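Spelled out from the first residue to the last, the chains are:
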Protein chains: 2
Amino acid sequence: MTVSTINDTNKESVIIIGTGSVATHLINHLLSIGTLVIQQYGRSKPIETKVPFTNNPKELRTDASYYIISVSDDAIDEVSQHLPRVEGIVVHTAGSVGIDIFESRFKNYGVLYPLQSFSNNRTINMLSVPFLIEGNSDQTEIKLLQFAKKISNNVYIMSYQERIQIHLAAVFACNFSNYMNTIAEELLKNKNIEFSLLKPLLQETFEKILTAKPKDAQTGPAKRNDKEIIEKHLKMLTNNPNFQEIYKLVSKSIADLYKK
Amino acid sequence: MTVSTINDTNKESVIIIGTGSVATHLINHLLSIGTLVIQQYGRSKPIETKVPFTNNPKELRTDASYYIISVSDDAIDEVSQHLPRVEGIVVHTAGSVGIDIFESRFKNYGVLYPLQSFSNNRTINMLSVPFLIEGNSDQTEIKLLQFAKKISNNVYIMSYQERIQIHLAAVFACNFSNYMNTIAEELLKNKNIEFSLLKPLLQETFEKILTAKPKDAQTGPAKRNDKEIIEKHLKMLTNNPNFQEIYKLVSKSIADLYKK
């Protein structure tokens, strides 16, 4: 990258703050769509860096159009204090953190929350990832909207209240449904049975969730209120109180929902 | 179907007992692979029947090679009392019911458990469905194995102890992970947000479960032990004690698992 390219005043430029998987996926995608990523800042240099890297806050450039802070939720506040009072738009990428965290520090700020679960070893089609945005002013929000629309075909302006509710829903849909499969995996491991035996069932479960509504797709002992099986299953889980409690509580919640 | 075909002594024949979705899927699949299904028995005649139907136990034929009892778990015992003491092999299709339920009544019996979630309005590729079988004798088990291998490419001889553990695992992997998505759907509905917003996240979650092990694919606040977000989410769930308890318990269980 030449200096003349970097200083091209007609083009928006981005600084990425953070070195985790969201930061990495964002850099790769921004570069792939031709966005200028002029710098990455973080505590320790990633093994592979495609843009100039610094771990020295004094070296942070102040001429970017966007500063994307992509660090863990509880580090956003601290990291933002390393940033000079820049003119560009400062955003974080967190689902459950308000934009007011930037209020006392920056003029133009907001959020750019990608509703996806990123892993270092997996590629993600960023163009289909929903990006939920919010800006501190109409002007900032419009700019952010235009910027986000270059990143993804799936951009929504969402208030803080909407965004945290979506994040909470995502914890159930992604983290907790993954954990139900982890429990299944552990139960099968006890009997030396491969988790892959469940794959056709998982495939069908997933396809039903996507085509039906999950509420209409519910099956199983709890939905049928089959007390005999439920009692048998609870007994089988005696050695694992956490799994037993989860079974009891989820079954009760399913029964309550379908009683209505 | 002509009488000469039905009485072809070289060919195995099947009677299906039950009219639910497993029974329906089995009939359709058996017919599609050229198996003789000579009768279906049930309380009330289905709208569409592809084989001779009766609801009169006295009309039940006694010349079938296999009698597949595909009714709800708690009805297996009662229904089997309607059956004369036949020579053919009597099986049920339940994950959590032993074969001893048939002990006092039949000579040859067992189980043919399809590890899948069947819905009336969805087609299933039965050839890929795992069938878990068990017979009351070696001879019966070998016959059942040969029969099941015509139905599916995915047949396993499994003991009762293995089968009920697999069924329990399937309740978590299928029913409970579906319910986590139902909760997500309900939470989004509260804010008039479409569940479909989560689809890219669900797709990625599912693909990770299939390629990684779910235990390795876990992400989220509970895995990171992010107490601040967990507290915030619990507060947001105050109006739904069931969801709040599930959130608390699943998060605790995740934290406990990854502490180890």
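I will try to describe carefully the structure that is included in this document.

Cut-offs and rules
Residues numbered from 1 in each chain as written. Chains lettered and ligands numbered in written order. Predicted model: local features only at pLDDT ≥ 70, side-chain atom pairs only at ≥ 80, totals over all residues. Heavy atoms only, no water. Core = buried A, V, L, I, M, F, W, Y, C linked by side-chain atoms within 4.5 Å. Buried < 20%, exposed > 50% of the residue type's maximum accessible area, 1.4 Å probe, protein only. Contact = heavy atoms within 4.5 Å. Helix = DSSP H or I, 4+ residues; strand = E, 2+ residues; numbered from the N terminus. Expected span 1.5 Å × (residues − 1). Arc of directions from axis to C-beta. Least-squares fit on C-alpha atoms with pLDDT ≥ 70 in both. Pairing = 2+ DSSP bridges. Axes fitted to C-alpha atoms, helices over the stretch in contact; angles between N-to-C directions. Parallel < 35°, antiparallel > 145°, perpendicular 65-115°, else oblique. Left-handed = near helix turned anticlockwise from the far one by under 90°. Phe/Tyr/Trp six-rings, centres within 6.5 Å; stacked < 30°, edge-to-face > 60°. Buried area = accessible area lost by both parts, 1.4 Å probe. Salt bridge = Lys/Arg side-chain N within 4 Å of Asp/Glu carboxyl O. Polar contact = N/O pair within 3.5 Å; in protein donor to acceptor, adjacent residues only side chain to side chain.

Quick look at the nonpolar core now. Phe-172 and Leu-198 of chain A together with Phe-172 and Leu-198 of chain B are the most contacted members of the largest nonpolar core, which has 120 residues in total. In this structure, Phe-172 of chain A is in contact with Ser-177 of chain A together with Met-180, Ile-183, Ala-184, Leu-187, Leu-237, Phe-243, Ile-246 and Tyr-247 of chain B, ignoring residues within four places of it in sequence.

A few words now on helix H4 (residues 138–151) of chain A. Residue and element names in this part refer to chain A. Spanning 14 residues, H4 covers 20 Å between terminal C-alpha atoms, matching the ideal 20 Å at 1.5 Å per step. Those residues of H4 not exposed but buried are Thr-140, Glu-141, Leu-144, Phe-147, Ala-148 and Ile-151. In an axial view of H4, the angular spread of the buried residues amounts to 130 degrees, which keeps them on one side of the axis. With respect to the buried face of H4, the exposed residues turned more than 90 degrees away are Asp-138, Gln-139, Gln-146 and Lys-149.

This part is about the relation of the copies chain A and chain B. There are two copies of the chain, and a rotation about an axis plus a shift along that axis relates them. Taken as rigid bodies, chain A and chain B are interconverted by a rotation of 180 degrees and an axial shift of 0.0 Å, the fit giving an RMSD of 0.0 Å. On this basis, the relationship between the two copies can be described by a two-fold rotation axis. In terms of proximity to the rotation axis, the leading residue of chain A is Ser-177 of chain A, whose C-alpha is 2.1 Å off the axis. A share of 100% of interface residues in chain A that are also interface residues in chain B marks the association as one of identical surfaces.

Now for the sheet that holds strand E4 (residues 66–69) of chain A. All names here are of chain A. Judged by pairing direction, the sheet is mixed, and its eight strands sit side by side in the order E3-E2-E1-E4-E5-E6-E7-E8 without closing on themselves. Unpaired on one side and paired on the other, strand E3 (53–54) and strand E8 (155–157) mark the two borders of the sheet. Sheet analysis places strand E5 (residues 89–92) next to strand E6 (residues 109–114), joined by three bridges and oriented parallel. Bridge pairing links Val-91 to Gly-110 in E6. Running at roughly 160 degrees to strand E7 (residues 131–135), H4 makes contact with strand E1 (13–17), E4, E5, E6, E7 and E8 of the sheet.

Two elements in contact, helix H5 (residues 160–189) of chain A and helix H6 (residues 199–211) of chain B, have axes separated by 10 Å at closest approach and are oriented at 15 degrees. As judged from the angle between their axes, H5 of chain A and H6 of chain B are roughly parallel. Pair H5 of chain A / H6 of chain B crosses with right-handed handedness. In contact with Ala-170, Ala-173, Cys-174, Ser-177, Asn-178 and Asn-181 of chain A of H5 of chain A, H6 of chain B contributes Leu-201, Leu-202, Thr-205 and Ile-209 of chain B.

Let us now look at the packing of aromatic side chains. One pass over the full model with this rule turns up 13 aromatic pairs over all chains. Their ring planes at 80 degrees and their centres at 5.1 Å tell us that Phe-172 of chain A and Phe-176 of chain A sit as a pair that is edge-to-face. Of the two residues, Phe-172 of chain A and Phe-176 of chain A both sit in helix H5, four residues apart, roughly one turn of that helix. Classification of Phe-172 of chain A as buried rests on a relative accessible area of 0%. On the numbers, 5.8 Å between centres and 65 degrees between planes, the contact of Tyr-247 of chain A with Phe-172 of chain B is edge-to-face. Here Tyr-247 of chain A is found in helix H10 (residues 241–259), whereas its partner Phe-172 of chain B is found in helix H5 (residues 160–189) on a different chain. A relative accessible area of 0% places Tyr-247 of chain A in the buried class. One aromatic cluster is present, formed by Phe-102, Phe-106 and Tyr-109 of chain A through successive ring pairs.

Facing the 90 residues of chain A at the interface are 90 residues of chain B. Carbon and sulfur atoms make up 66% of the area that chain A and chain B hide from each other, which totals about 8800 Å². On the surface where chain A and chain B come into contact, there are eight salt bridges. Arg-122 of chain A is the salt-bridge partner of Glu-207 of chain B, the closest N and O atoms lying 3.4 Å from each other. Between the two partners, chain A and chain B, sit 40 residue pairs in polar contact (both at pLDDT 80 or more).

Turning next to the environment of Tyr-113 of chain B. Residue and element names in this part refer to chain B. Within the fold, Tyr-113 resides in strand E6 (residues 109–114). For the pair Tyr-113 and His-92, spaced 21 residues apart in sequence, the C-alpha separation works out to 7.4 Å. When near neighbours in sequence (up to four residues on either side) are disregarded, Tyr-113 contacts Thr-93, Ala-94, Gly-95, Pro-130, Phe-131, Leu-132, Arg-163 and His-167.

Where strands meet in a sheet, backbone hydrogen bonds hold them as pairs that are either parallel or antiparallel. Residues and elements named next belong to chain B. Sheet architecture is open: eight strands sit in the order E3-E2-E1-E4-E5-E6-E7-E8, paired in mixed fashion. Both edges of this open sheet fall to strand E3 (53–54) and strand E8 (155–157), since each of them pairs with a single strand only. With five bridges joining them, E6 and strand E7 (residues 131–135) adopt antiparallel strand pairing. Each bridged residue has a counterpart across the sheet, and for Tyr-113 the counterpart in E7 is Leu-132. Here helix H2 (residues 21–32) sits on the sheet and contacts strand E1 (13–17), strand E2 (36–41), strand E4 (66–69), E6 and E7; the angle it forms with E1, its principal contact strand, is near 160 degrees. Of the strands in this sheet, strand E5 (89–92), E6, E7 and E8 touch H5, which is tilted by about 155 degrees from E7.

Position of Leu-187 of chain A relative to the elements: it lies in helix H5. Once residues lying within four places of it in the same chain are set aside, the contact partners of Leu-187 of chain A are Leu-237 and Phe-243 of chain A together with Gln-165, Leu-168, Ala-169 and Phe-172 of chain B.

This part covers helix H2 (residues 21–32) of chain A. All names here are of chain A. Taking 1.5 Å of rise per residue, the 12 residues of H2 would be expected to cover 16 Å, and the 16 Å separating its terminal C-alpha atoms lies within 8% of that figure. Among the residues making up H2, those that are buried are Ser-21, Ala-23, His-25, Leu-26, Ile-27, His-29 and Leu-30. Buried residues along H2 sit in contact with E1, strand E2 (36–41), E4, E7 and H4. Looking one or two places after H2, you find Gly-34, whose phi comes out positive at around 85 degrees.

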